[in-house]
Amino acid sequence: MLSEMFSFPFMVNAYRAGTIVAVLAGAVGYLMVLRQQSFVGHTLSAVGFPGAAGALLLGLTAPLGYYAFCLVAALVISRVHHAERSAQAAVVGTVQAFALASGYLFVVLYKGVLSGTTALLFGSFLGITSTQVVVMAGVATVLLTALVILGRPLLFASLDPDAARAAGVPVALLDLLFLLLLGATAAGVVQITGSLMVFTLLVLPAAAARELSCRPGRALATSILIALLVTWTALAVAYSSPYPLGFWLSTLAFGTFLAAKAVSRVRA
Amino acid sequence: MTAALELRAGALAVGGRLLWSELELTVEPGEFLAVLGPNGVGKSSLLNVVLGLRQLQRGEVTVLGGAPRDAVDRVGYLPQRRNFDPSVRIRGLDIVRLGVDGHRWGVPFPGRASRETWRWVRELVDDVGASAYADRPIGQLSGGEQQRLLIAQALARRPELLLLDEPLDSLDLPNQAAVAQLVSKLCTERGVAVVMVAHDVNPILPYLDKVTYLAPGGAACGTPQDVITSETLTGLFGVSIEVLRASDGRLVVVGQPEAPALHGDRHH
Ligand SMILES: Nc1ncnc2c1ncn2[C@@H]1O[C@H](COP(=O)(O)OP(=O)(O)OP(=O)(O)O)[C@@H](O)[C@H]1O
Ligand SMILES: [Mg+2]
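Residues numbered from 1 in each chain as written. Chains lettered and ligands numbered in written order. Predicted model: local features only at pLDDT ≥ 70, side-chain atom pairs only at ≥ 80, totals over all residues. Heavy atoms only, no water.

1. Notes on the overall build of chain B
Reasoning step 1: Check the secondary structure of chain B and you find 8 helices and 11 strands.
Reasoning step 2: Its C-alpha atoms give chain B principal-axis dimensions of roughly 60 × 45 × 40 Å.
Reasoning step 3: In chain B, buried positions account for 52% of the 268 residues.
Reasoning step 4: Within chain B, counting contacts between residues at least 6 apart in sequence, those at least 24 apart form 65% of the total.
Reasoning step 5: For chain B, the exposed area adds up to about 12200 Å²; of that, 49% sits on carbon and sulfur atoms.
Reasoning step 6: The averaged location of the 31 negative side-chain charges in chain B is 8 Å from the averaged location of its 27 positive side-chain charges. (Helix = DSSP H or I, 4+ residues; strand = E, 2+ residues; numbered from the N terminus. Buried < 20%, exposed > 50% of the residue type's maximum accessible area, 1.4 Å probe, protein only. Contact = heavy atoms within 4.5 Å. Areas by Shrake-Rupley, 256 points an atom, 1.4 Å probe, with all protein chains shown as cover. Lys, Arg positive; Asp, Glu negative; His and termini not counted. Charge placed at Lys NZ, Arg CZ, Asp CG, Glu CD.)

Structure follows, in structure tokens:
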């Protein structure tokens with residue numbers, strides 16, 4: 001069955017893209033959960049929807065729209081980042097609602113892709129082009145390199161901003177860089193999971209990993225591993241079943257999360 | 001010998017409001033200074049000035065013979081009241097380690113250097129008596145246990161000047177005494193200069209070399225015997241304050257000005 005599956009170029013591309021996205025989502029997702037920025041992450045992903053729909057409306061490719069909108073949204077959110085937390089949540093929520101509304105509008109205006117709306121929202125493994133994979137790989141290389149360089153100070157600033165600032169860590173700069181990192185990651189992940197299902201890869205593997213290890217390095221590696229296993233399995237199952245990829249991704253990811261919870265219960 | 005900390009005719013304004021002025025401070029290596037005063041008077045802000053995170057409006061500050069920002073590597077800092085969220089699943093050891101190398105770019109790779117660092121971290125944790133629970137997720141520790149680990153973090157780079165913002169805050173009486181003793185040992189045995197912000201002077205009174213009382217607009221500095229007296233405090237705050245000495249040597253300050261009374265100009 002495997003050899004049959006990989007005889008289709010679209011499945012090969014789906015696996016390539018899925019692998020890249022899983023590694024990124026597992027790593028960046030772990031830090032996002034640690035920083036309690038899941039809501040921001042969700043909004044950045046939601047913004048991908050009007051981004052892709054708008055790009056298609058203008059005759060451009062969807063990935064261009066994803067990256068442009070997610071990064072701009074990250075910059076917008078960083079502007080209010082220093083405001084009070086409650087004010088920030090309100091702004092982030094507003095951005096999210098506005099994004100979904102304008103995405104819907106774009107889809108209606110561009111009558112042609114109405115059938116593609118489901119894919120934009122809930123993900124699809126069909127039709128991932130080789131160009132798309134190359135772009136994803138390039139972006140992922142830049143992001144992972146950045147993550148390795150920022151490594152320790154980013155962890156310090158995430159856990160303990162006051163102490164980090166006093167130790168000379170540029171906390172405000174790291175806040176901004178992480179938002180951009182998260183925006184670019186979300187733009188990559190939505191291309192597989194769709195705008196509404198990003199959490200299956202961005203949050204659940206990280207949350208599961210957190211249950212399994214409380215050492216940052218190990219938990220991060222575990223998060224990546226879980227994201228990879230979930231993605232690979234979901235792609236194979238979606239290929240041979242009538243149900244959509246998003247369904248399998250979320251079911252598997254949620255199952256893994258519950259299992260990890262159970263394991264940590266038993267251990268404690 | 002250069003002083004660890006020197007402040008000349010210092011005045012600080014935050015948000016356009018003058019907090020204190022005419023502040024004169026000298027802390028020599030090995031000296032233990034307590035900073036006292038009502039809520040909102042600018043005690044934490046004073047520490048921020050020493051860290052170079054806030055600028056004096058007037059006057060001059062010298063830290064270990066230079067500008068505050070040039071001394072970050074040689075200054076340890078314990079921010080005020082940090083309790084980690086119960087959901088933070090990172091070991092106490094990892095939090096302490098951030099104090100050692102959390103400011104360095106990159107990620108630590110396993111090897112000799114890393115093992116050395118862990119040995120130093122264990123030693124730090126031992127010194128503050130936190131070994132029994134340093135392996136557990138910090139979010140699940142009590143406030144006092146967290147505080148001990150954070151003190152270990154502040155000591156991680158063998159500071160010559162240690163700034164502690166209400167370190168006794170969430171501790172019970174025996175632990176207050178133990179931490180006070182630990183800090184005074186650092187002064188006498190390792191020659192560390194300590195500036196401790198405190199609300200209750202009694203647990204540290206036996207070890208103090210100097211006291212600074214901050215009041216809106218002014219300040220009084222000197223030995224505890226000189227500063228914590230009815231005359232000095234009444235003169236400083238402009239309201240009648242009585243200092244009583246209990247038979248066990250404990251000081252009781254009666255009629256201590258309440259924060260709201262000092263904040264007529266503060267808007268909410
Ligand atoms: N970032 C800020 N912007 C505006 N005002 C601030 C800021 N930080 C502190 N303040 C104000 O400066 C004053 C001094 O604050 P600070 O935290 O130094 O007081 P404190 O003496 O440490 O009080 P506490 O005993 O409650 O810890 C307060 O009135 C506070 O509201
Ligand atoms: Mg304070």
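From this point, things continue past the structure.
2. Topic: the interface of chain A and chain B
Reasoning step 1: Contacts between the two partners involve 28 residues from chain A, matched on the other side by 30 residues from chain B.
Reasoning step 2: Here chain A and chain B share an interface that buries about 2500 Å² over both sides, 62% of which is from carbon and sulfur atoms.
Reasoning step 3: Summed over the shared surface of chain A and chain B, the number is 1 salt bridge.
Reasoning step 4: Close ionic contact of A:R152 with B:D101 constitutes a salt bridge, the shortest N to O distance being 3.1 Å.
Reasoning step 5: Linking chain A with chain B are 9 residue pairs in polar contact (both at pLDDT 80 or more), by the criterion used here.
Reasoning step 6: Among the secondary structure elements, those contributing two or more residues to the side of chain A that touches chain B are α2 (9-34), α7 (130-159), α8 (161-166) and α11 (204-212) of chain A.
Reasoning step 7: Ranked by residue count, the leading element in the side of chain A that touches chain B is α7(A), at 9 residues. (Buried area = accessible area lost by both parts, 1.4 Å probe. Salt bridge = Lys/Arg side-chain N within 4 Å of Asp/Glu carboxyl O. Polar contact = N/O pair within 3.5 Å; in protein donor to acceptor, adjacent residues only side chain to side chain.)

3. Concerning the packing of helix α3 (residues 38-57) of chain A against helix α9 (residues 171-193) of chain A
A packed helix pair is summarised by two numbers, namely the angle formed by the two axes and the spacing between the axes.
Residues and elements named next belong to chain A.
Reasoning step 1: Running from N to C, α3 and α9 point in directions that differ by 50°, and their axes come no closer than 9 Å. Classed by the angle they form, the pair α3 and α9 counts as oblique. Note that α3 runs across α9; the crossing there is right-handed. Here α3 contributes V40, G41, L44 and S45 to the contact with α9, which in turn contributes L179, L182, G183, A186 and V190.
Reasoning step 2: Class assignment for the residues of the contact of α3 with α9 results in 6 nonpolar, 3 polar and no charged. (Axes fitted to C-alpha atoms, helices over the stretch in contact; angles between N-to-C directions. Parallel < 35°, antiparallel > 145°, perpendicular 65-115°, else oblique. Left-handed = near helix turned anticlockwise from the far one by under 90°. Nonpolar A, V, L, I, M, F, W, Y, C, P; charged D, E, K, R; others polar.)

4. Regarding the pairing of strand β7 (residues 193-197) of chain B
Residue and element names in this part refer to chain B.
Reasoning step 1: For β7, the buried fraction is high: 5 of the 5 residues fall into the buried class.
Reasoning step 2: Side chains of β7 alternate between two faces, with A193, V195 and V197 and V194 and M196 buried alike.
Reasoning step 3: Bridging between strand β3 (residues 32-36) and β7 involves 4 bridges; their strand directions are parallel. Bridge pairing in β7 links L33 to V195.
Reasoning step 4: Read as a crossover between parallel neighbours, the route from strand β6 (residues 161-165) over helix α5 (residues 173-190) to β7 is right-handed. (Pairing = 2+ DSSP bridges. Right-handed = clockwise from strand over helix to strand, strands pointing away.)

5. So, the coordination of the magnesium ion (ligand 2)
Reasoning step 1: Protein ligation of the magnesium ion (ligand 2) involves B:S44 (OG) and B:Q80 (OE1), the donor distances falling in the range 1.9 to 2.2 Å. Here B:S44 is found in helix α1 (residues 43-50), whereas its partner B:Q80 is found in the loop between β5 (75-78) and α2 (92-101), with 36 residues between them in sequence. (Donors = N, O, S within 2.8 Å, 3.2 Å for Na, K, Ca; no water.)

6. Comments concerning the packing of aromatic side chains
Reasoning step 1: Scanning the entire structure with this criterion turns up 8 aromatic pairs over all chains.
Reasoning step 2: Taking the centre distance of 4.9 Å and the plane angle of 70° together, the rings of A:F6 and A:Y15 count as edge-to-face.
Reasoning step 3: Among the residues examined, A:F6 registers a relative accessible area of 35% and is labelled partly exposed.
Reasoning step 4: Ring plane angle 85° and centroid distance 5.8 Å describe the contact between B:Y213 and B:F237, whose orientation is recorded as edge-to-face. In this pair, B:Y213 is assigned in strand β8 (residues 210-215) and B:F237 in helix α7 (residues 230-237), connecting sequence segments 24 residues apart. Here B:Y213 and B:F237 have matching classes, each one buried.
Reasoning step 5: Clustering of aromatic rings is evident, with ring pairs tying together A:F8, A:F10 and A:Y239.
Reasoning step 6: Cation over ring: B:R97 sits above B:W118, and NZ or CZ is 4.9 Å from the ring centre.
Reasoning step 7: One residue, B:R158, lies across the ring of B:W120, its end atom 4.0 Å from the ring centre. (Phe/Tyr/Trp six-rings, centres within 6.5 Å; stacked < 30°, edge-to-face > 60°. Lys NZ or Arg CZ within 6 Å of the ring centre and 35° of its normal.)

7. Brief notes about the sheet that holds strand β1 (residues 5-14) of chain B
All names here are of chain B.
Reasoning step 1: Strand order in the open sheet formed by 3 strands is β2-β1-β4, and the pairing between neighbours is antiparallel. This sheet does not close on itself; its edge strands, each paired only once, are β2 (17-27) and β4 (58-63). The sheet shows a mean angle of 30° between the axes of neighbouring strands, direction not considered.
Reasoning step 2: In this sheet, β2 lies alongside β1 in antiparallel orientation, the contact comprising 7 bridges. Of the residues in β2, the one forming a bridge with A13 is L18.
Reasoning step 3: Packing of α1 onto the sheet brings it into contact with β1, β2 and β4, and relative to β1 it is tilted by some 120°.

8. Topic: the confidence of the model for chain B
In regions of low pLDDT, the predicted coordinates are not meant to be interpreted in detail.
Reasoning step 1: Of the residues in chain B, 95% reach a pLDDT of 70 or more, and the chain-wide mean stands at 89.
Reasoning step 2: Scored below 50 in pLDDT, residues 259-268 of chain B shows 9 contacts in the model against residues more than four places distant or in partner chains. (pLDDT = per-residue confidence, 0-100.)

9. Remarks on the site of ligand 1
Residues and elements named next belong to chain B.
Reasoning step 1: Taken together, the neighbourhood of ligand 1 is formed by 15 residues, with R17, K43, S44, S45 and Q80 sitting nearest.
Reasoning step 2: Here an oxygen atom of ligand 1 sits 2.5 Å away from a polar atom, N or O, in the side chain of S45.
Reasoning step 3: Protein contact buries 65% of the 640 Å² of open area that ligand 1 shows by itself.
Reasoning step 4: At the level of secondary structure, the elements contributing two or more residues to the shell around ligand 1 comprise β2 and α1.
Reasoning step 5: Per element, the largest residue contribution to the shell around ligand 1 is 3 residues, and it comes from α1. (Near = heavy atom within 4 Å.)

10. Let's talk about the nonpolar core
Reasoning step 1: B:L149, B:V194 and B:I204 are the most contacted members of the largest nonpolar core, which has 148 residues in total.
Reasoning step 2: Ranked by the residues each element gives to this core, the list is headed by α2(A), at 16 residues.
Reasoning step 3: Setting aside residues no more than four positions away along its own chain, B:I204 makes contact with B:F32, B:A34, B:L168, B:A180, B:M196 and B:A198. (Core = buried A, V, L, I, M, F, W, Y, C linked by side-chain atoms within 4.5 Å.)

11. Quick look at unusual backbone geometry
All names here are of chain B.
Reasoning step 1: Its identity as a non-glycine residue notwithstanding, A9 has a phi of 50°, on the positive side.
Reasoning step 2: Tracing the backbone through its elements, the reader meets A9 in strand β1.
Reasoning step 3: Unusually for a residue other than glycine, L64 sits at a positive phi of about 50°.
Reasoning step 4: Relative to the assigned elements, L64 resides in the loop between β4 and β5.

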